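Now for the letters of each chain:
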Amino acid sequence: MTDSVSSGLRFGRIAAMLPVVDMARACDFYIGAFGFRKTFENGDPVGFMILKRDSAELHLTLQPGHKAAPFNVAHMMVEDIDAVHAIVRSRGLRIVKGLRDKDYGLRAFVFEDPDGNRIDVGEPLRG
């Protein structure tokens, strides 16, 4: 159902906001593991940070009492999912759902980052 008011709307970037207990650890993980770069930070101590890589953007927010949700909080589309999976394994992170080809056209897996945030990673299956 389309609302007549929304028919003219356009959306731009939407970025995942990840709560973290330790900003430096989270920043080091996403930069060191996946090659993101820091493009913005705010606060002293830093309470908010933006990381970017290619078309991806992550917003980290310092939440000292953060308790991880028992569901996926972000979905990352990548090229070379096997390399991403190998990086996650080499860092000793928990893999929640193993790497598999899905009937909906993705090769995918789910892992927990160092703060327990569940990240669903996918790559379109080739023809």
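Residues numbered from 1 in each chain as written. Predicted model: local features only at pLDDT ≥ 70, side-chain atom pairs only at ≥ 80, totals over all residues. Heavy atoms only, no water.

1. Digging into the nonpolar core
- Grouped together as the largest cluster of nonpolar side chains are 25 residues, with contacts concentrated most on Tyr30, Phe34, Leu51, Leu60, Phe111, Ile119 and Val121.
- At seven residues, helix H1 (residues 23-34) tops the list of elements feeding residues into this core.
- Among all residues touching phenylalanine 111, those that are not within four sequence positions of it are Phe29, Phe34, Met76, Val88, Leu93, Arg94, Ile95, Val96, Asn117, Arg118, Ile119 and Val121. (Core = buried A, V, L, I, M, F, W, Y, C linked by side-chain atoms within 4.5 Å. Buried < 20%, exposed > 50% of the residue type's maximum accessible area, 1.4 Å probe, protein only. Helix = DSSP H or I, 4+ residues; strand = E, 2+ residues; numbered from the N terminus. Contact = heavy atoms within 4.5 Å.)

2. A look at helix H2 (residues 81-90)
- All of the buried residues along H2 are Ile81, Val84, His85 and Val88. For H2, the buried positions fall inside an angular range of 100° around the axis, keeping them on one side.
- Along its buried surface, H2 packs onto H1, strand E6 (95-101), strand E7 (106-112) and strand E8 (118-124).
- The positive-phi residue at the C-terminal boundary of H2 is glycine 92, with phi of around 70°. (Arc of directions from axis to C-beta.)

3. Concerning H1
- When the terminal C-alpha atoms of H1 are compared, their 16 Å separation across 12 residues agrees well with the 16 Å that a helix rising 1.5 Å per residue should span.
- Of the positions making up H1, those classed as buried are Met23, Ala26, Cys27, Phe29, Tyr30, Ala33 and Phe34. All buried residues of H1 fall inside an arc of 165° around its axis, so they share one side.
- With a side-chain oxygen lying 3.1 Å from the backbone nitrogen of alanine 24, the N-terminal cap of H1 falls on aspartate 22.
- Just downstream of H1, glycine 35 is the residue with a positive phi angle, here 80°. (Expected span 1.5 Å × (residues − 1). Polar contact = N/O pair within 3.5 Å; in protein donor to acceptor, adjacent residues only side chain to side chain.)

4. Focus: the sheet that holds E7
- Spatially, E5-E8-E7-E6 is the arrangement adopted by the four strands of the open sheet, whose pairing is mixed. Where the open sheet ends on each side, the last strands, each with one partner, are strand E5 (72-77) and E6. Neighbouring strand axes in the sheet, compared pairwise and without regard to direction, differ in orientation by 20° on average.
- As paired strands, E6 and E7 are joined by four bridges and run antiparallel to one another. When the bridges of E7 are listed, isoleucine 95 appears paired with phenylalanine 111.
- This element, H2, spans E6, E7 and E8 of the sheet and lies at about 15° to E7. (Pairing = 2+ DSSP bridges. Axes fitted to C-alpha atoms, helices over the stretch in contact; angles between N-to-C directions.)

Read these as geometric descriptors, not functional statements.
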